Amino acid sequence: MNMTLRQLTLFQAVAQHLSFTRAAIELSLTQPAVSIQIKQLEGHIGMPLFEQIGKRIFLTDAGHQLYKACEDIFERLGSLETSLNELQGSIKGQLKISIVTTATYFIPKIFQAFARAYPEVSLRLNVYNRIKVLERLTNNKDDLVIMGQAPEHLNVTAHSFLNNPLVVIASSQHQLANKSNIPLPRLLQENILMREVGSGTRLAIENNFVKNNIETQTTIELGSTEAIKQGVLTNMGISILSKHAIYFELAAKKINILDVNTFPLKRDWYVTHLTEKKLSLVAKTFLEFLLTNSQKIVEQSTL
Ligand code: PGA
């Protein structure tokens with residue numbers, strides 16, 4: 001098969017957008033130029049890669065197969081580039097990291113400092129909830145994975161690099177906002193806004209309730225930390241979140257941390273990888289950077 005990498009790049013873009021026009025815009029080409037290349041690629045393969053139904057296009061079975069192959073090929077080429085750079089002793093190339101959603105509140109600050117120190121590293125960040133991040137870790141999809149608790153069922157190496165207190169929060173207008181020593185069962189009289197199943201935050205809260213013989217009642221489930229914060233701000237209920245997620249609202253005095261027994265839950269952030277994984281030089285450098293600098297960077301940015 002005489003297909004070229006250029007054709008595969010175009011194909012991947014069309015397959016991702018399921019649109020010739022959007023792929024052309026992304027690659028700064030004209031739509032006819034993309035269509036011609038895809039036609040030629042189909043000629044090499046001997047089968048159509050897309051089918052049109054009404055105004056929409058879909059991948060054919062051959063298209064799906066080629067798409068999977070493209071993912072492998074480009075992944076491999078990315079790591080080849082990184083290892084060639086390593087041979088030259090330079091710290092450059094791609095760094096692919098998955099993080100749990102709550103880590104979005106501080107990881108960009110650490111990335112920014114790392115990018116300043118190592119400008120030739122290109123960072124790719126994927127954000128998912130805990131369950132999806134675990135799936136990626138199991139399938140070795142990333143250089144490193146950041147989460148709130150290392151899994152026990154997998155053979156992983158995990159380093160804690162930052163503290164991660166979970167706190168009970170309410171609107172500053174809430175009747176419990178300024179009370180002290182609130183017993184844990186008192187929370188059950190409130191609407192507790194919870195993250196979705198699969199969230200690490202939710203798992204930690206449920207474990208704490210079980211440990212204290214409290215039957216959890218998820219009265220309202222909201223699928224993101226941002227939605228929960230909005231719910232708390234409008235006094236829809238109280239919630240429990242990582243302190244990292246609420247610095248702005250605390251500073252603006254819109255949200256209060258409640259003084260509830262057993263809280264804050266003391267947790268840490270972990271950077272993990274499969275123990276058998278051979279880390280690239282870029283990944284090792286980032287890991288070192290994370291362990292040495294995170295606490296300082298995050299403290300400075302929340303002063
Ligand atoms: P989450 O994970 O964003 O999926 O809730 C956070 C954590 O594990 O602490």
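Rules and cut-offs
Residues numbered from 1 in each chain as written. Predicted model: local features only at pLDDT ≥ 70, side-chain atom pairs only at ≥ 80, totals over all residues. Heavy atoms only, no water. Helix = DSSP H or I, 4+ residues; strand = E, 2+ residues; numbered from the N terminus. Buried < 20%, exposed > 50% of the residue type's maximum accessible area, 1.4 Å probe, protein only. Contact = heavy atoms within 4.5 Å. Areas by Shrake-Rupley, 256 points an atom, 1.4 Å probe, with all protein chains shown as cover. Salt bridge = Lys/Arg side-chain N within 4 Å of Asp/Glu carboxyl O. Polar contact = N/O pair within 3.5 Å; in protein donor to acceptor, adjacent residues only side chain to side chain. Pairing = 2+ DSSP bridges. Axes fitted to C-alpha atoms, helices over the stretch in contact; angles between N-to-C directions. 1 Å grid on protein atoms, 1.4 Å probe; cavity = no way out; pocket = protein on both sides within 12 Å on 5 of 7 lines; lining within 4 Å. Points joined across faces, edges and corners; volume = space filled by probe spheres on them. Near = heavy atom within 4 Å. Sits in = over half its atoms within 2 Å of the grid points. Nonpolar A, V, L, I, M, F, W, Y, C, P; charged D, E, K, R; others polar.

**Some details on the overall build of the protein chain**
What the protein chain contains, in helices and strands, is ten helices and twelve strands. Its C-alpha atoms put the protein chain at 70 × 55 × 35 Å along the principal axes. Per-residue burial for the protein chain yields a buried fraction of 46% across its 303 residues. Long-range contacts, defined here as pairs at least 24 residues apart, represent 74% of the contacts in the protein chain between residues at least 6 apart. As displayed, the protein chain has an accessible area near 16200 Å², and 52% of this comes from carbon and sulfur atoms.

**Thoughts on the pattern of salt bridges**
Tallying each qualifying case throughout the model produces nine salt bridges. One salt bridge connects E221 with R202, and the closest N-O pair in it is separated by 2.9 Å. Pair noted here: E221 is in strand β9 (residues 220–221) and R202 is in helix α7 (residues 200–211), with a separation of 19 residues, a long-range link. Look at the salt bridges and you will find they share partners, linking R202, E206 and E221 into a network.

**Remarks on the environment of M147**
Take M147: it is sitting in strand β5 (residues 144–147). For M147 and I107, which are 40 residues apart along the polypeptide, the C-alpha to C-alpha distance reads 11 Å. The residues contacting M147, other than those within four sequence positions of it, are V100, R130, V133, L134, L137, D268, W269, Y270 and T272.

**Considering the environment of K277**
Take K277: it is sitting in the loop between β12 (268–274) and α10 (281–301). Each C-alpha atom, one on K277 and one on L18, is 34 Å from the other, the two residues being 259 residues apart in sequence. If sequence neighbours within four positions are ignored, K277 has contacts with N140, D142 and D143. A polar contact is formed between the side chain of K277 and the side chain of N140, at a distance of 2.9 Å.

**What to know about the sheet that holds strand β6 (residues 156–163)**
The five strands are arranged β4-β3-β5-β12-β6 in an open sheet whose pairing can be described as mixed. At either margin of the open sheet sits one strand with a lone partner, and together these are β4 (121–128) and β6. If you compare each strand with its neighbour and ignore which way they point, the axes differ by 25° on average. For β5 and β12, the ladder comprises three bridges, and the chain directions are antiparallel. Among the inter-strand pairings, M147 is bridged to a residue of β12, identified as Y270. Each of β3 (93–100), β4 and β5 touches helix α5 (residues 107–117); the most contacted strand, β4, lies at about 170° to it. Contacts from helix α6 (residues 130–138) reach β3, β4, β5, β6 and β12, with the element oriented near 155° to β5.

**A word on the layout of surface pockets**
There is about 920 Å³ of room inside the largest pocket. Lining the largest pocket are 28 residues, and of these F74, E75, R76, Q94 and K96 sit closest to its centre. Looking at the lining of the largest pocket, the elements that each hand over two or more residues are α1 (5–17), α4 (61–87), β3 and β4.

**Some remarks on the site of the ligand**
As a structural note, the neighbourhood of the ligand is formed by 13 residues, with T101, T102, S199, T201 and R267 the closest of them. Interatomic distance of 2.7 Å between a side-chain N/O atom of T102 and an oxygen atom of the ligand. One of the side-chain nitrogen or oxygen atoms of T201 is found 2.6 Å away from an oxygen atom of the ligand. Alone, the ligand offers 280 Å² of accessible surface; in the complex the protein occludes 99% of this. One can see that the ligand is located within the largest cavity. Here the residues of the shell around the ligand are counted per class, giving two nonpolar, eight polar and three charged.

None of this, on its own, says anything about what the molecule does.
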